[in-house]
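Each chain is listed here by its residues.
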Amino acid sequence: HLVEEAIKNNTALEIFCLDASKVPYTTCKVTEVSKPVLEKLTFSKTPQSMVALCRYHEATIDFKKAKRIFLLDGLQDPGNIGTIIRTSLAFGFDGVMLSSDSVDLYNDKLLRACQGANYYLPVMQKDILESIQLLQDNGFKVYATSLRNAKAIDEFGVEEKMAFILGNEGNGVKDSTIDACDGAIYI
């Protein structure tokens, strides 16, 4: 599925596969390889029948037009991040920003968990405090999720431009991150 999405989005440069006749139509190079070679090309113990070499994509978010952004502060589980990216796309968010201490955006498990959503939603990775300042400079109200000094989500009005920060699976949002926000909410 992920290779098909890479082909649709003209991101795939070359496909390595066990059987070239099973590769969806593509104009990129297709190379048949043996199963041992395919296993060496992947991080998975039981790889699919094809993998793609893809071009690096520098995502950008148009902060002037964007209305809703998710920020992730120190998340370490690639499956969680992939789920959040897919959910953000489904709910019409305009982008996701990962802190620099979150799992790498190009982690193989994270990309698989995204199921191709990363091709349709801009996802960036940079320092969380810089991200908050960038959003605030562009008119966003930024809210951290927290149980400390927070208000219930239904106590907040809807702002034109809002960003929400989710924290690390075990520790939540860092205090320094919360302090840089416009407020804290809990669900």
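Up top is the structure.
Reference entry: report on the structure contained in this document. (Residues numbered from 1 in each chain as written. Predicted model: local features only at pLDDT ≥ 70, side-chain atom pairs only at ≥ 80, totals over all residues. Heavy atoms only, no water.)

1. So, helix α3 (residues 78–90)
Between its first and last C-alpha, α3 extends 18 Å over 13 residues, near the 18 Å set by a 1.5 Å rise per residue. Looking at α3, one finds that the buried residues are Pro78, Ile81, Gly82, Ile84, Ile85 and Ser88. The arc that holds every buried residue of α3, seen down its axis, measures 160 degrees, which confines them to one face. Two to three positions downstream of the cap, the backbone nitrogen of Gly79 sits 2.7 Å from a side-chain oxygen, assigning the N-cap of α3 to Asp77. Gly92 sits one or two positions beyond α3 and adopts a positive phi of about 80 degrees. (Helix = DSSP H or I, 4+ residues; strand = E, 2+ residues; numbered from the N terminus. Expected span 1.5 Å × (residues − 1). Buried < 20%, exposed > 50% of the residue type's maximum accessible area, 1.4 Å probe, protein only. Arc of directions from axis to C-beta. Polar contact = N/O pair within 3.5 Å; in protein donor to acceptor, adjacent residues only side chain to side chain.)

2. Topic: the pattern of salt bridges
Under the criterion given, the structure shown has seven salt bridges. Notably, a salt bridge pairs Asp101 with Lys174, separated by 3.1 Å at the nearest N-O pair. With a gap of 73 residues between them, Asp101 in the loop between β5 (95–99) and α4 (108–114) and Lys174 in the loop between β9 (162–167) and α6 (175–180) connect regions that are remote in the sequence. Of the charged contacts, one joins Asp175 and Arg148 as a salt bridge, the two residues approaching to 3.1 Å between their closest N and O atoms. One end of the pair, Asp175, is in helix α6; the other, Arg148, is in the loop between β7 (141–145) and β8 (151–152), with 27 residues separating them in the sequence. Linked by salt bridges that have partners in common, Asp73, Asp101 and Lys174 make up one network. (Salt bridge = Lys/Arg side-chain N within 4 Å of Asp/Glu carboxyl O.)

3. Structural notes on the nonpolar core
Of all hydrophobic cores here, the largest spans 20 residues; its most connected members are Leu72, Ile81, Ile85, Val96, Leu98, Leu110 and Phe164. Among the secondary structure elements, those contributing two or more residues to this core are β4 (68–73), α3, β5, α4 and β9. Ranked by the residues each element gives to this core, the list is headed by α3, at three residues. (Core = buried A, V, L, I, M, F, W, Y, C linked by side-chain atoms within 4.5 Å.)

4. Quick notes on helix α5 (residues 128–137)
Ile128, Ser131, Ile132 and Leu135 are the residues of α5 that are buried. Viewed end-on, α5 has its buried residues packed into an arc of 100 degrees, placing them on one side of the element. If you follow the buried residues of α5, they end up packed against β4, β5, β6 (123–126), β7, β9 and α6. The backbone nitrogen of Leu129 has a side-chain oxygen 3.1 Å away, supplied by the residue at the start of α5, namely Asp127. With its phi angle positive at about 90 degrees, Gly139 sits one or two positions after the end of α5. (Contact = heavy atoms within 4.5 Å.)

5. Observations concerning the sheet that holds strand β3 (residues 50–54)
With mixed pairing, the three strands of this open sheet are ordered in space as β2-β1-β3. Of all strands in the sheet, those with a lone pairing partner are β2 (29–32) and β3, marking the two edges. Taken over all neighbouring pairs, the strand axes of this sheet differ in orientation by 20 degrees on average, direction set aside. In this sheet, β2 lies alongside strand β1 (residues 12–17) in parallel orientation, the contact comprising four bridges. The partner of Glu14 across the bridge, within β2, is Lys29. (Pairing = 2+ DSSP bridges. Axes fitted to C-alpha atoms, helices over the stretch in contact; angles between N-to-C directions.)

6. Considerations on unusual backbone geometry
If you check the backbone angles, Gln115 has positive phi at about 55 degrees while not being a glycine. Relative to the assigned elements, Gln115 resides in the loop between α4 and β6. Under the relative-accessibility criterion, Gln115 is labelled partly exposed at 42%.

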